Amino acid sequence: MGQEGSGFATGEMDMELVYKYILHVLTQYTALLRYNPTMPEKAVELCPESMVCPRSGREREFTMEYREKYVARCKPSARCRHRSPRMSTHTQTAAMNGFYSSIAHGLDALHGTLASSPDAAFMSAPFLQQAAALLRSLHSQLVHLVQRLHLPPGESWLDEYMDETSRLWEVCQVVKAGASALDTYCASAGRIDATLDDWLCNPDPHNARQVVRALCRQAVGLEQENRALADTRIDPASLLLDDRSPVEFKLNAFNGFRGVLYALRNASSFLLMLLVSGTVSCLPDLACCSANPFRTSGAGYVSSMGRLRQRVAEEMEAVATEHSCSGIMMYEFRQARVGIESIKTEFDRVIATGYGNPGEIAERVEIIKGWVGMLRSGAESVVSELDDFFDEMVEGRKMLSDLCSHR
């Protein structure tokens, strides 16, 4: 009972709601009056400034804090009668804890994708699609949670949400551009079987080698363009990670919304780092994350993120032993590129020795076609996820703007 009473006092008796009630009572009472009030001859007009000026210290501070901040845009009776009931403090806490649990479960699922099977490839297309889907899901859950928290209108919480979605929008646009460029690369690489047919019909391997070399140069050029794209359009500070939890910051403002938004920002920053590194260019923070200590013990989304970051660091170290941790990290792209490089080396050998094994080359081409097909499918899936995410962000921004303005 004490907790419920305290929750009612802090949730239902803030000064904004008290003033709404006073306005409602005065408006209803004046509607019952049967006479026309007149201003006395010696009346003195009062304004907020005249009431504040004689005061000083804490009294002046409190008077300034509780003065009128804005003019109501709708009738008080409608506001009082149609306002949705607030959740109790206990219910709000349970809803926010549920959101934190969703972050933890999503990150644990990503970690499980890498750890459950030895065949699960790091930075594979399904892994990146799962990361993009989790990003969408967390944003959608945040929007629904905000609707339940009944946050006050005219406050900065909406600006903070808008800033966060703007950040997500900008980085996701870069990821989409990278994935679309991969799709274009696949269109060129997919014609490698035609190059093999031409070589089988015309034993001169020089033309085939030129085509394969062009594909190699296209891959190098793609990585250079993507690196420039990331350097130009992504602010490294926008993807900074923090191992601490919202509890350590005591982010309880706006019924706990600030803590929830902080958790979303932290989780989404790491997901965006994975997506950018997979489709655009490997970010230095991801390549060097093995040097940072992680909080991997205990429960909660902070520990889940720590475990996933630790796993990613281990995978990055394993990749570094075979390839450089730079450029596009998507597994299917790296495999297709290695295959094309091997074909180029084979045609160089054919030119040097005058002999080539058509069966062996054809087998390699089929393997490359398989990787290119999976790369194209993965890139299209990531683009599709991001397009849906863009639509949901637009809808969420409009929904919360309307909610804040009581439309």
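First, a word on scope: everything that follows refers to the structure included in this document. (Residues numbered from 1 in each chain as written. Predicted model: local features only at pLDDT ≥ 70, side-chain atom pairs only at ≥ 80, totals over all residues. Heavy atoms only, no water.)

## Quick word on the overall build of the protein chain
Alright, step 1. Within the protein chain one finds 16 helices and zero strands.
Alright, step 2. Evaluated residue by residue, the protein chain yields a buried proportion of 40% over its 407 residues.
Alright, step 3. A fraction of 82% describes how many contacts in the protein chain between residues 6 or more apart in sequence connect residues 24 or more apart.
Alright, step 4. If you sum the accessible surface of the protein chain, you get close to 21900 Å²; carbon and sulfur atoms cover 55% of it. (Helix = DSSP H or I, 4+ residues; strand = E, 2+ residues; numbered from the N terminus. Buried < 20%, exposed > 50% of the residue type's maximum accessible area, 1.4 Å probe, protein only. Contact = heavy atoms within 4.5 Å. Areas by Shrake-Rupley, 256 points an atom, 1.4 Å probe, with all protein chains shown as cover.)

## Here's the deal with helix α15 (residues 331-353)
Alright, step 1. End to end, α15 covers 33 Å across 23 residues, agreeing with the expected 33 Å (1.5 Å per residue, within 8%).
Alright, step 2. Taken together, the buried positions of α15 are Glu332, Phe333, Arg334, Ala336, Gly339, Ile340, Ile343, Lys344, Glu346, Phe347 and Val350.
Alright, step 3. Of the residues one or two after α15, Gly354 is the one with positive phi, at around 80°. (Expected span 1.5 Å × (residues − 1).)

## Here's the deal with the packing of helix α10 (residues 206-233) against α15
When two helices pack together, their arrangement is given by the angle between the helix axes and by the axis-to-axis distance.
Alright, step 1. Between α10 and α15, the shortest axis-to-axis distance is 9 Å and the interhelical angle comes to 150°. Viewed along their axes, α10 and α15 form a crossing whose handedness is left-handed. Residues His206, Ala208, Arg209, Val212, Arg213, Leu215, Cys216, Ala219, Val220, Leu222 and Glu223 of α10 lie in contact with α15, whose contacting residues are Phe333, Arg337, Ile340, Glu341, Ile343, Lys344, Phe347, Asp348 and Ile351.
Alright, step 2. A class-by-class count of the residues in the contact of α10 with α15 yields twelve nonpolar, one polar and seven charged. (Axes fitted to C-alpha atoms, helices over the stretch in contact; angles between N-to-C directions. Left-handed = near helix turned anticlockwise from the far one by under 90°. Nonpolar A, V, L, I, M, F, W, Y, C, P; charged D, E, K, R; others polar.)

## A closer look at the packing of helix α8 (residues 157-189) against helix α12 (residues 257-279)
Alright, step 1. One can describe the packing of α8 onto α12 by two numbers: an axis separation of 10 Å at closest approach and a directional angle of 10°. The orientation of α8 relative to α12 falls into the category roughly parallel. Between α8 and α12, the residues in contact are Trp157, Glu160, Tyr161, Glu164, Arg167, Leu168, Val171, Cys172, Val175, Gly178, Ala179 and Leu182 and Phe257, Arg258, Leu261, Leu264, Arg265, Ser268, Ser269, Leu272, Leu275, Val276 and Thr279, respectively.
Alright, step 2. Looking at the contact of α8 with α12, its residues break down into 14 nonpolar, four polar and five charged. (Parallel < 35°, antiparallel > 145°, perpendicular 65-115°, else oblique.)

## Overview of helix α7 (residues 125-149)
Alright, step 1. The end-to-end C-alpha separation of α7 is 36 Å, in line with the 36 Å expected for 25 residues at 1.5 Å each.
Alright, step 2. Immediately downstream of α7, the backbone of His150 shows phi near 55°, a positive value.

## Describing the environment of Val382
Alright, step 1. Tracing the chain through its elements places Val382 in helix α16 (residues 358-405).
Alright, step 2. Judged by relative accessible area, Val382 falls into the buried class, the value being 0%.
Alright, step 3. Apart from the residues lying within four places of it in its own chain, the contact partners of Val382 are Leu128, Gln129, Val175 and Ala179.

## With respect to the packing of aromatic side chains
In this description, a pair of aromatic rings is defined by centroid distance and the angle of the planes.
Alright, step 1. Following the criterion strictly, the structure yields six aromatic pairs and no others.
Alright, step 2. For the pair Trp169 and Phe390, a centre-to-centre distance of 4.7 Å together with 45° between the ring planes defines the contact as tilted. Within this pair, whereas Trp169 is found in helix α8, its partner Phe390 is found in helix α16, the two being separated by 221 residues in sequence.
Alright, step 3. Feature note: the residues Phe99, Tyr100 and Tyr301 constitute an aromatic cluster, connected by ring pairs. (Phe/Tyr/Trp six-rings, centres within 6.5 Å; stacked < 30°, edge-to-face > 60°.)

## Digging into the pattern of salt bridges
Alright, step 1. Evaluation of the coordinates by the stated rule reveals 18 salt bridges.
Alright, step 2. Residue Arg136 pairs with Glu392 through a salt bridge whose shortest N-O separation is 2.4 Å. With Arg136 in helix α7 and Glu392 in helix α16, the pair connects residues that are 256 residues apart, well separated along the chain.
Alright, step 3. Among the residues examined, Glu392 registers a relative accessible area of 23% and is labelled partly exposed.
Alright, step 4. In this structure, Glu315 and Arg311 form a salt bridge, with 3.2 Å as the shortest nitrogen-oxygen distance. Residue Glu315 and its partner Arg311 are both found in helix α14 (residues 301-320); the two are separated by four residues, about one turn of the helix.
Alright, step 5. Overlapping salt bridges bring together Arg136, Glu385, Asp388 and Glu392 as one network. (Salt bridge = Lys/Arg side-chain N within 4 Å of Asp/Glu carboxyl O.)

## Things to note about the nonpolar core
Alright, step 1. Ranked by internal contacts, the top residues of the largest apolar core, which has 99 residues, are Leu142, Phe257, Tyr301, Phe333 and Ile340.
Alright, step 2. Residue contributions to this core peak at 15 residues, all from α16.
Alright, step 3. Apart from the residues lying within four places of it in its own chain, the contact partners of Phe257 are Leu142, Val146, Leu149, Leu151, Trp157 and Tyr161. (Core = buried A, V, L, I, M, F, W, Y, C linked by side-chain atoms within 4.5 Å.)

## Details of a nonpolar patch on the surface
Alright, step 1. On the surface, Tyr19, Tyr21, Ile22, Val25 and Leu26 cluster together into a nonpolar patch covering about 470 Å² of accessible area.
Alright, step 2. Position of Tyr21 relative to the elements: it lies in helix α2 (residues 15-30).
Alright, step 3. You can call Tyr21 exposed: its relative accessible area is 53%. (Patch = residues over 30% accessible without salt bridge, like charges linked within 9 Å, V, L, I, M, F, W, Y side chains within 5 Å.)

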